[in-house]
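Residue-level structural notes
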Amino acid sequence: MIFAPGSAVRVRDDWPERRGRCHIRTPHYVRGVEGKIVRHLGDFANPEDLAFARPAATVPLYHVRFDARAVWPDATGDELMIEIFQHWLESA
Amino acid sequence: MSMNLTETDSDRLLAALRAVLADKAIATGAEITERIRVTDAGGPAQGARMVARAWADPTYRALMLADGARAAEALDIPMRGLPPLGVLEDTPGLHHLVVCTLCSCYPRAVLGYPPFWYKSAAYRARAVRDPRGLLAEWGTVLPDTVKLRVVDSTADYRWMVLPLRPAGTEGWDEARLAAIVRDGDMIGVTIPAIAT
């Protein structure tokens with residue numbers, strides 16, 4: 001399933017770095033935060049496997065927009081836009 | 001003891017690495033030479049040419065917003081084998097700021113090497129949490145009516161900003177327009193201005 005533009009999503013509140021060596025491209029500050037899909041940017045080899053020279057599946061990558069104050073109440077910006085892979089997103 | 005100043009440890013290391021890459025059929029000498037050419041071609045003047053063309057030519061602007069890499073190639077900027085280039089369009093009500101909080105992703109094909117501070121922990125931390133405070137240190141003050149969108153470059157794209165064309169540049173040709181566009185303008189820490 002591909003998320004449609006405008007879909008409400010939540011970044012998984014998952015912390016693989018607590019379970020051992022890993023390489024992840026999902027910033028810690030958006031884990032568990034709700035945002036909106038801007039668009040599907042294309043499909044790319046999963047960097048979490050590429051980084052360890054493992055066979056890497058191709059996964060959808062999205063641009064996702066967040067309210068900056070949903071992350072930090074004292075944020076002085078308005079929005080954060082971040083590239084996030086599909087397996088880090090769930091419907092909100 | 002004599003020293004050969006023309007051959008350093010790093011030269012020997014590089015020669016050994018190139019030999020191993022060739023032996024293992026990972027990268028040929030020609031491929032490395034080509035990549036050096038592409039890297040050397042990158043610099044802020046390339047991005048500035050794109051911005052100036054987009055300001056002057058609505059058709060080019062549409063291409064640049066739809067596919068930054070194709071727009072770069074249309075100006076003979078080498079993009080083959082490089083990540084996709086996304087272009088973020090500033091409007092009178094929306095300003096973009098680019099950061100890479102995870103490492104130092106930067107649109108090198110069109111802007112060259114990032115400024116030293118771009119990789120600093122301070123820039124990366126403040127750009128996402130206190131971007132207006134950060135911008136103020138560059139003298140970039142956005143009216144409260146302008147929405148500030150911070151783009152964290154976390155994965156496979158590279159992002160550049162298409163800033164607003166400053167007032168007072170009506171009738172300028174592309175070369176003159178390109179001359180006022182700085183690297184900071186194309187990641188949103190500064191705004192193009194006419195030198196006074």
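Because the structure is predicted, anything quoted here is derived from the model rather than measured. (Residues numbered from 1 in each chain as written. Chains lettered and ligands numbered in written order. Predicted model: local features only at pLDDT ≥ 70, side-chain atom pairs only at ≥ 80, totals over all residues. Heavy atoms only, no water.)

Notes on the overall build of chain B
Test applied: Working definition: helices are DSSP H or I runs of at least four residues, strands are E runs of at least two. Numbering for both runs from the N terminus. Only protein chains enter the accessibility calculation, which uses a 1.4 Å probe; a residue whose area is less than 20% of its type maximum is buried, one above 50% is exposed, and one in between is partly exposed.
Along chain B, the regular secondary structure elements total 9 helices and 4 strands. When the helices and strands of chain B are listed from N to C terminus, the series reads α-α-α-α-α-β-β-α-α-α-β-β-α. Over its C-alpha atoms, taken along the principal directions, chain B stretches across nearly 65 × 35 × 35 Å. Taken across its 196 residues, chain B has 44% of its residues classed as buried.

Some points on the packing of aromatic side chains
The way to describe two aromatic rings as a pair is by their centre distance and the angle between their planes. Residue and element names in this part refer to chain B. To keep things clear, this is the line we draw: Each Phe, Tyr or Trp ring, with Trp reduced to its six-membered ring, pairs with another whose centre is within 6.5 Å; inter-plane angles below 30 degrees give stacked pairs, above 60 give edge-to-face pairs, and intermediate values give tilted ones.
Applying the stated criterion across every chain, the model contains 9 aromatic pairs over all chains. Seen from their ring centres, W117 and W138 are 4.7 Å apart, and the 65° between their planes marks the pair as edge-to-face. Residue W117 is located in the loop between α6 (108-111) and α7 (121-129), and its partner W138 is located in the loop between α8 (131-137) and β3 (147-152); the two are separated by 21 residues in the primary sequence. Among the residues examined, W138 registers a relative accessible area of 32% and is labelled partly exposed. Consider the rings of Y123 and W138, whose centres lie 6.3 Å apart with planes at 85°: the pair is edge-to-face.

Some points on the domain arrangement of chain B
All names here are of chain B. Quick reminder of the rule: Domain limits in this description derive from either an automatic procedure or a database domain assignment. Contacts: residue pairs with any heavy atoms within 4.5 Å of one another. The quantity reported as buried area is the accessible area (1.4 Å probe) lost by two parts once they are put together, taken as the sum for both. In what follows, salt bridge is the name for a side-chain nitrogen of Lys or Arg lying within 4 Å of a carboxyl oxygen of Asp or Glu. Polar contact is the term for a pair of N or O atoms within 3.5 Å; when the atoms are in protein, one must be able to donate a hydrogen and the other to accept it, and sequence-neighboring residues count only if both atoms are side-chain atoms. We call Asp, Glu, Lys and Arg charged. Ala, Val, Leu, Ile, Met, Phe, Trp, Tyr, Cys and Pro are nonpolar, and the rest, Gly among them, are polar.
The domain architecture assigned to chain B consists of domain 1 (9-39) and domain 2 (44-186). The centre of domain 1, based on its C-alpha atoms, is set 31 Å off from the matching centre of domain 2. Listed by partner, the interface residues are 5 residues for domain 1 and 5 residues for domain 2. When the two sides are added together, the surface that domain 1 and domain 2 hide from each other amounts to roughly 390 Å², 58% of it contributed by carbon and sulfur. Linking domain 1 with domain 2 are 0 salt bridges. Run the count over domain 1 and domain 2 and you get 0 residue pairs in polar contact (both at pLDDT 80 or more). Looking at the side of domain 1 that touches domain 2, its residues break down into 1 nonpolar, 1 polar and 3 charged.

Focus: the packing of helix α3 (residues 44-56) of chain B against helix α4 (residues 58-66) of chain B
All names here are of chain B. For clarity, the cut-off: What counts as an axis is a line fitted to C-alpha atoms, over the stretch in contact for a helix, and the angles between N-to-C directions run from 0 to 180 degrees. Small angles under 35 degrees read as roughly parallel and large ones over 145 as roughly antiparallel, with 65 to 115 read as roughly perpendicular and the rest as oblique. Definitions for this section: a left-handed crossing has its near helix turned counterclockwise from the far helix by less than a right angle. A right-handed crossing has that turn clockwise.
Contact geometry of α3 with α4 gives a least axis separation of 5 Å together with a crossing angle of 130°. Considering the angle they form, α3 stands oblique to α4. In this structure, α3 crosses over α4, and the sense of that crossing is left-handed. Taken together, the residues of α4 that come into contact with α3 (itself represented by M50, V51, R53, A54, W55 and A56) are P58, Y60, R61 and M64. Its residues assigned to classes, the contact of α3 with α4 comprises 8 nonpolar, no polar and 2 charged.

Describing the sheet that holds strand β2 (residues 94-99) of chain B
As a reminder, the rule being used: One requirement defines pairing of two strands: DSSP has to find at least two bridges between them.
Read from one edge to the other, the open sheet built from 7 strands follows the order β5(A)-β1(A)-β2(A)-β3(A)-β4(A)-β3(B)-β2(B), with strand pairing classed as mixed. Either end of the sheet is taken by a strand with one partner, and the two such strands are β5 (89-91) of chain A together with β2 of chain B. The mean angle between the axes of side-by-side strands here comes to 35°, regardless of whether they run parallel or antiparallel. For β2 of chain B and β3 of chain B, the ladder comprises 6 bridges, and the chain directions are parallel. Following the sheet pairing, V99 of chain B is matched in β3 of chain B by D152 of chain B. Strand contacts of α7 of chain B: β4 (79-85) of chain A together with β2 and β3 of chain B, with the helix running at about 150° to β2 of chain B, the strand carrying the most contacts.

Points about the UniProt feature "domain: Nitrile hydratase alpha/Thiocyanate hydrolase gamma" (unreviewed entry) in chain B
Inclusion rule: UniProt positions are given in the numbering used here, feature names are shortened, and annotations may be inferred rather than shown by experiment.
In the numbering adopted here, UniProt assigns the feature "domain: Nitrile hydratase alpha/Thiocyanate hydrolase gamma" (unreviewed entry) to residues 10-190 of chain B. Secondary structure content for residues 10-190 of chain B is 45% helix and 12% strand, while the C-alpha to C-alpha distance between its ends is 37 Å.

Brief notes about the pattern of salt bridges
Evaluation of the coordinates by the stated rule reveals 19 salt bridges over all chains. With its nearest N and O atoms 3.5 Å apart, the salt bridge here joins R10 of chain A to E34 of chain A. Remark: E34 of chain A occurs in strand β2 (residues 34-45) and R10 of chain A occurs in strand β1 (residues 8-11); sequence separation between them is 24 residues. When the shortest N-O distance is used, the salt bridge between D185 of chain B and R182 of chain B registers 3.1 Å. The exposure class of R182 of chain B is partly exposed, given its relative accessible area of 41%. In this structure, a network of salt bridges that share partners links the residues R65 and E79 of chain A together with K147 and R149 of chain B.

Considerations on the pairing of β1 of chain A
All names here are of chain A. Residue alternation in β1 divides its side chains into a buried set, V9 and V11, and an unburied set, A8 and R10. Pairing geometry for β1 and β2, over 3 bridges, is antiparallel. Following the sheet pairing, A8 is matched in β2 by K36.

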